[in-house]
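Residue-level structural notes
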Amino acid sequence: MARYVELTGYKQNLEKGLIIGADRDYVTRVRYKGAIAVSEYTNFDFIHLSIDQTKSILSNYSVLLEKIKKEKPKANEEIYHDFTVSKECFISFRRTSVGNNTEYIYLWINDEKYQLRTAVLINKLKKFIAY
């Protein structure tokens, strides 16, 4: 099952912020109510990042990228480099002995890990900052 992450930027009274919504769990259960089958529910987490916190992701992801590229993990070892954005959010890169996969960045929301394409996330954040 796929995980879902949504980024929503806002401006209000000269303040800019980013709301991140992410599905915590997705459970399929078939229940019959008359002739209609109810088959799913989803729980979401929502967090708020200030414009400064959002900018900190952009300024620190390249630092993490360079650190992870220098790592040489042993067989069956995973190495992570993280940056804490807030108490509810941090980003990380992972490297294993199999290879250096920096195409994906991990976005952690309230202790749940979401794998996103690095280029897509960074481009979306840049567009938000320019907004």
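Before reading on, note that the structure itself is shown above.
Residues numbered from 1 in each chain as written. Predicted model: local features only at pLDDT ≥ 70, side-chain atom pairs only at ≥ 80, totals over all residues. Heavy atoms only, no water.

By the definition in use, this model includes four aromatic pairs. Between Y4 and F44, the ring centres sit 6.2 Å apart and the planes meet at 85°, which makes this aromatic pair edge-to-face. Here F44 lies in strand β5 (residues 41-50) and Y4 lies in the segment before β1 (5-12), a separation of 40 residues in the sequence. With a centroid separation of 6.0 Å and an interplanar angle of 25°, the aromatic rings of F44 and F46 are classed as stacked. (Phe/Tyr/Trp six-rings, centres within 6.5 Å; stacked < 30°, edge-to-face > 60°. Helix = DSSP H or I, 4+ residues; strand = E, 2+ residues; numbered from the N terminus.)

The next thing to look at is the pairing of strand β7 (residues 89-96). In terms of burial, β7 is largely enclosed, as six of its eight residues are buried. Pairing of strand β6 (residues 78-86) with β7 involves eight bridges; the strand directions are antiparallel. Looking at β7, one finds that T84 is bridged to F90. Where β6 folds back on β7, the antiparallel hairpin that results is connected by two residues. (Buried < 20%, exposed > 50% of the residue type's maximum accessible area, 1.4 Å probe, protein only. Pairing = 2+ DSSP bridges.)

Here H81 shows up in strand β6. Within the local environment of H81, its side chain forms a polar contact with the side chain of E71, the two groups lying 2.7 Å apart. Setting aside residues no more than four positions away along its own chain, H81 makes contact with L64, K67, I68, E71, I91, S92 and F93. (Polar contact = N/O pair within 3.5 Å; in protein donor to acceptor, adjacent residues only side chain to side chain. Contact = heavy atoms within 4.5 Å.)

Before going further, it helps to spend a moment on the sheet that holds β7. Read across the open sheet, the four strands follow the order β6-β7-β8-β9; overall the sheet is antiparallel. Looking at the sheet topology across the chains shown, the edges are occupied by β6 and β9 (112-117). Neighbour-to-neighbour, the strand axes of the sheet open up by a mean angle of 30°, direction not taken into account. Most of the contacts of helix α1 (residues 51-70) go to β6, to which it runs at about 165°, and overall it touches β6, β7 and β8 (104-109). (Axes fitted to C-alpha atoms, helices over the stretch in contact; angles between N-to-C directions.)

On to the pattern of salt bridges. A full pass over the atoms with the stated rule returns two salt bridges. Between R94 and E78 there is a salt bridge whose closest N-O contact spans 2.9 Å. In this pair, R94 sits in strand β7 while E78 sits in strand β6, placing the two residues 16 residues apart along the sequence. The partly exposed category is assigned to E78, whose relative accessible area is 46%. For E103, the salt bridge goes to R117, with nearest N and O atoms at 1.9 Å. Linking E103 in the loop between β7 and β8 with R117 in strand β9, this pair joins segments that are 14 residues apart in sequence. Under the relative-accessibility criterion, E103 is labelled partly exposed at 43%. (Salt bridge = Lys/Arg side-chain N within 4 Å of Asp/Glu carboxyl O.)

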